There are 2 protein chains.
Amino acid sequence: MKTYLECIPCFMNQALRAGRMATNDDSVIKRILDETGDMVKHIPMDKTPAETGRIVYNIVKKRTGVSDPYRAIKKKHIEDAKAILPELEKIVELSDDKLLTAIRIAIAGNVIDLGIDRPFDLVKDVKRVLDQDFGIFDYRQFRKHLEQTDEILYLGDNSGESVFDTVLIKALGKPVIYAVRHQPIINDVTMEDAIASGLDQVAELTDSGSKAPGTILEECTPEFRELFYNAGMIISKGQGNYEGLSNCKRDVFFLLKAKCVVISRHLNVETGNIVLKHHQGIKG
Amino acid sequence: MKTYLECIPCFMNQALRAGRMATNDDSVIKRILDETGDMVKHIPMDKTPAETGRIVYNIVKKRTGVSDPYRAIKKKHIEDAKAILPELEKIVELSDDKLLTAIRIAIAGNVIDLGIDRPFDLVKDVKRVLDQDFGIFDYRQFRKHLEQTDEILYLGDNSGESVFDTVLIKALGKPVIYAVRHQPIINDVTMEDAIASGLDQVAELTDSGSKAPGTILEECTPEFRELFYNAGMIISKGQGNYEGLSNCKRDVFFLLKAKCVVISRHLNVETGNIVLKHHQGIKG
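The written sequence of each chain sets the order in which its residues are numbered from 1. By the order in which they are written, chains take letters starting at A while ligands take numbers starting at 1. Only residues with pLDDT of at least 70 are given local features in this predicted model, and only at 80 or more are side-chain atom pairs given and counted; all residues enter the totals for whole chains, interfaces and linings. As a convention, hydrogens and water are excluded, and side-chain values are obtained from all of the structure's heavy atoms.

Draft legend 1. Main features of helix 5 (residues 98–108) of chain A. Burial analysis of helix 5 of chain A places ten of its eleven residues in the buried class, which makes it a mostly covered element. Those residues of helix 5 of chain A not exposed but buried are Leu99(A), Leu100(A), Thr101(A), Ala102(A), Ile103(A), Arg104(A), Ile105(A), Ala106(A), Ile107(A) and Ala108(A). Burial status follows relative accessibility: with a 1.4 Å probe on protein chains alone, a residue under 20% of its type maximum counts as buried, one over 50% as exposed, and anything between as partly exposed. To qualify as a helix, a DSSP run of H or I must reach at least 4 residues; to qualify as a strand, a run of E must reach at least 2; elements of each kind are numbered from the N terminus.

Below, the structure is given as structure tokens:
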């Protein structure tokens, strides 16, 4: 996916929010915004928004010295999610279609996204997603691919959401490799966050090498790319991963909530819709 | 009121929206955003957001050659508002407190604001405002000042909203001078828009000289400033006028809906609140 004009004010918003997380000094934040403003003319519009997102967070890091401005809030979101985990597991247990309910829960976790300028209410939003209709619902294909695979590559997105992923991973009933970002970027899940989320108990963890808030294959490690092109089935969470993989030459199942106009237009759904999309690539 | 860091992403959004109104050529809009980005480091943070808003719209004008990108939509909003005008007048007629209902209607019209990144539904939003509690409600003072004055200076804000202003002007029952912007800026009401709104039938019209989306006294004409400092009572509509006059040395009654976090924080109300605020200045 390329970058759209609508992404540009959003970069400025991301710079402001991350700057506010990293420092209380308004003059430093102003300098972050100045530099982000100067960056606009250099944005590679043919690349993904996630790649420019990385540049924005590098500006914040350079100006404040803080490499993980969302550290404390990530920890809180993981704790908040863990607190409702037993209830989520009970919902799956009591449901007629356990796999589908677990998919809904994994998508519900995707409301925890600090790259987006929308507030969320974890418990309320999760409940809403459990009853919401899908904008795209390729569930039949998902089941079919799941039946036929021995192993799943699962691309993580946000911290907190990562706890919800454990519910789906258990419901998949097959070995899962869970991929995390190489380093902190927005509230995306890193190795440390994945372990704090309990993902090491249900999956093998791997570092994709990505420093962007998404999966940009050219920037991932060669080991990860090999894993990607050879995995039996790929499940990709969230907008950032979708940005990098929407045109990739592999079958991918995208699970996400469409939270901004650019993504929802690209997917041809309404903003706010939940999506289970089967992207048909060519197995490399 | 000064400019806050939160205004900066908003300027970028305004540039994008105005650019989209003025042209379909994405490369031209990208250049508008590039220039707006370059402008960030030069923003006078001690001046009002309205003053920087003017710079943004000048960039759009320079790059597209379109001096009034909102022309068609302003016309439509005036027509939409006129279509419901008889109903609004009936609501006033049937109400116990005609003045207060007319004030509510004038504030309701303030939902028509294209400088703000929020969609609105005219009929639904107007109905909501008619029942909404005020965040600030200096109605007693408003009545007292109204009783004691022979003449009112009324500062217009947006086109379409301007039609709603006729309802309040009639209810005031005193001579009114209605001030408009000197030239098109966002969807703010100009002389042409005021006449199309029927304001010439209920008030004397005057051009404030302001080229910004607000009343910046130093940039208004000397004639307007004299009018301002000598008017018996001043009613100011909307956020842009508030930005310029929030610290002025005159009593002003601000009527607005707080539509962004910066304004609502400055007024110490919730975003979405409606406001009738008596600003106490020193009569010059």
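Draft legend 2. Quick peek at the interface of chain B and chain A. Residue contacts follow a heavy-atom distance rule, with two residues in contact if any of their heavy atoms lie within 4.5 Å. Contacts between the two partners involve 18 residues from chain B, matched on the other side by 18 residues from chain A. The quantity reported as buried area is the accessible area (1.4 Å probe) lost by two parts once they are put together, taken as the sum for both. Taking both sides of the interface into account, the surface hidden between chain B and chain A amounts to around 1,700 Å²; carbon and sulfur atoms contribute 68%. One speaks of a salt bridge when a side-chain nitrogen belonging to Lys or Arg is within 4 Å of a carboxyl oxygen belonging to Asp or Glu. For the interface between chain B and chain A, the tally reads four salt bridges. Counting only elements with at least two residues in the side of chain B that touches chain A, the list comes to helix 1 (7–22) and helix 2 (26–39) of chain B. Top element by residues in the side of chain B that touches chain A is helix 2 of chain B. It accounts for seven residues. Gly is put with the polar residues, along with every residue not named as nonpolar or charged; the nonpolar set is Ala, Val, Leu, Ile, Met, Phe, Trp, Tyr, Cys and Pro, and the charged set is Asp, Glu, Lys and Arg. Residues belonging to the side of chain B that touches chain A are distributed by class as follows: nine nonpolar, two polar and seven charged.

Draft legend 3. How the structure looks around the sheet that holds strand 5 (residues 233–237) of chain B. Residue and element names in this part refer to chain B. What makes two strands pair is DSSP finding at least two bridges between them. Strands sit in the order 1-7-6-5-2-3-4 across an open sheet of seven strands; the sheet is mixed. Two strands close off the open sheet at either side, each with one partner strand: strand 1 (134–137) and strand 4 (204–207). Taken over all neighbouring pairs, the strand axes of this sheet differ in orientation by 20° on average, direction set aside. Both strand 5 and strand 6 (residues 252–257) contribute to a ladder of three bridges, which runs parallel. Pairing of Lys237 across the sheet is with Leu255, part of strand 6. Along the sheet, helix 10 (residues 222–230) makes contact with strand 2 (152–155), strand 3 (176–180), strand 4, strand 5 and strand 6, crossing strand 2 at roughly 120°. Fitting a line to C-alpha atoms yields each axis, with helices limited to the stretch in contact; the angle taken between N-to-C directions then spans 0 to 180 degrees.

Draft legend 4. Examining the sheet that holds strand 6 (residues 252–257) of chain A more closely. Residues and elements named next belong to chain A. Spatially, 1-7-6-5-2-3-4 is the arrangement adopted by the seven strands of the open sheet, whose pairing is mixed. If you trace the sheet from one side to the other, it starts and ends with strand 1 (134–137) and strand 4 (204–207), each paired once. Across the sheet, the mean angle from the axis of one strand to that of its neighbour is 20°, orientation sign disregarded. Relative to strand 7 (residues 274–279), strand 1 runs parallel, the two being bridged by three bridges. When the sheet's bridge partners are listed, Ile136 is paired in strand 7 with Val275. With respect to the sheet, helix 10 (residues 222–230) is in contact with strand 2 (152–155), strand 3 (176–180), strand 4, strand 5 (233–237) and strand 6, its orientation differing from that of strand 2 by roughly 120°.

By themselves, these observations are geometric and do not establish any function.
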